[in-house]
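Examination of the molecular architecture
So the chains spell out like this:
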Amino acid sequence: MKKIFVTTFMFAVLLLCSCCHSVQKGAITAEMAYEGVNNYCHSAYDWSKAETDSVTMYLSMGDETPTEYQVVFRSYTGAKVYFHVDKKSGTTRIVEHAPVIDVEEETGTINLYDYLKKDK
């Protein structure tokens, strides 16, 4: 009886592990990081100012490390929002910087996959 329980338990563990691995998404590319942050910014911020003056409000790629991409949103107010995108998980830390008062604050996280087109 003990042998059957152990065998069943091991089979269940292997099955669960293989299911978890198949659900994981592939690595994030720089293009995916930019697209996801771009989609997020267009849903979270008012872009009407960019229609008249695209120089003061824009999105650009920042620094890249072995583990993350940085995407930078510049608001028409001069504030910058740094999106630190984890290359493996898609978890994205959001850090806002107001240069006029020199204040930087981590304001939350998003899952980049929530802002990518579903056909990818």
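Everything below is about the structure printed above this text.
These numbers come from a predicted model, not from an experiment. (Residues numbered from 1 in each chain as written. Predicted model: local features only at pLDDT ≥ 70, side-chain atom pairs only at ≥ 80, totals over all residues. Heavy atoms only, no water.)

Digging into the side chain of T92
Formally: What counts as a helix is a DSSP run of H or I of at least four residues, what counts as a strand is a run of E of at least two, and both are numbered from the N terminus. Burial classes: relative accessible area under 20% of the type maximum marks a residue as buried, over 50% as exposed, and values in between as partly exposed (1.4 Å probe, protein chains only). Two N or O atoms form a polar contact when they lie within 3.5 Å of each other; inside protein one atom must be a possible hydrogen donor and the other a possible acceptor, and for residues adjacent in sequence the pair counts only when both atoms belong to side chains. Whether two residues are in contact is decided by their heavy atoms: any pair within 4.5 Å suffices.
Within the secondary structure, T92 sits in strand β4 (residues 91-98). Of the residues examined, T92 reaches a relative accessible area of 0% and is grouped as buried. A distance of 3.0 Å separates the side chain of T92 from the backbone oxygen of G90, its partner in a polar contact. Leaving out residues up to four positions away in the same chain, T92 has contacts with F83, H84, V85, G108, T109, I110 and L112.

As for the sheet that holds β4
Heads up, the rule is: One bridge is not enough; two strands pair if DSSP finds at least two bridges between them. All axes are obtained by fitting lines to C-alpha atoms, using only the stretch in contact for helices, and the reported angles, taken between N-to-C directions, cover 0 to 180 degrees.
The strand order β1-β2-β3-β4-β5 describes an open sheet built from five strands, whose pairing is antiparallel. At either end of the open sheet lies a strand with only one pairing partner, and these are β1 (58-64) and β5 (103-111). Ignoring strand direction, the axes of neighbouring strands in this sheet form an average angle of 25 degrees. Here β4 pairs with β5 via eight bridges, running antiparallel. By the bridge assignment for β5, E96 is matched with E105. Running over the sheet, helix α2 (residues 30-44) touches β1, β2 (68-74), β3 (80-86), β4 and β5 and is turned about 140 degrees from β1.

Some words on α2
Threshold: For a helix, the expected span equals 1.5 Å multiplied by the residue count minus one.
Between its terminal C-alpha atoms α2 stretches 21 Å, which fits the 21 Å expected from 15 residues at 1.5 Å a residue. Along α2, the residues classified as buried are M32, A33, E35, G36, V37, Y40 and C41. Check the buried side of α2 and you find it contacts β1, β2, β3, β4 and β5.

Some thoughts on the nonpolar core
Heads up, the rule is: Residues belong to a common nonpolar core when they are buried Ala, Val, Leu, Ile, Met, Phe, Trp, Tyr or Cys residues joined through side-chain atoms within 4.5 Å.
Counting 21 residues, the largest nonpolar core has I28, V37, C41, F73, F83 and V85 as its most contacted members. Of all the elements in the fold, those that place two or more residues in this core are α2, β2 and β3. Among the elements that take part in this core, α2 stands out by supplying five residues, more than any other. Apart from the residues lying within four places of it in its own chain, the contact partners of C41 are W47, L59, F73 and F83.

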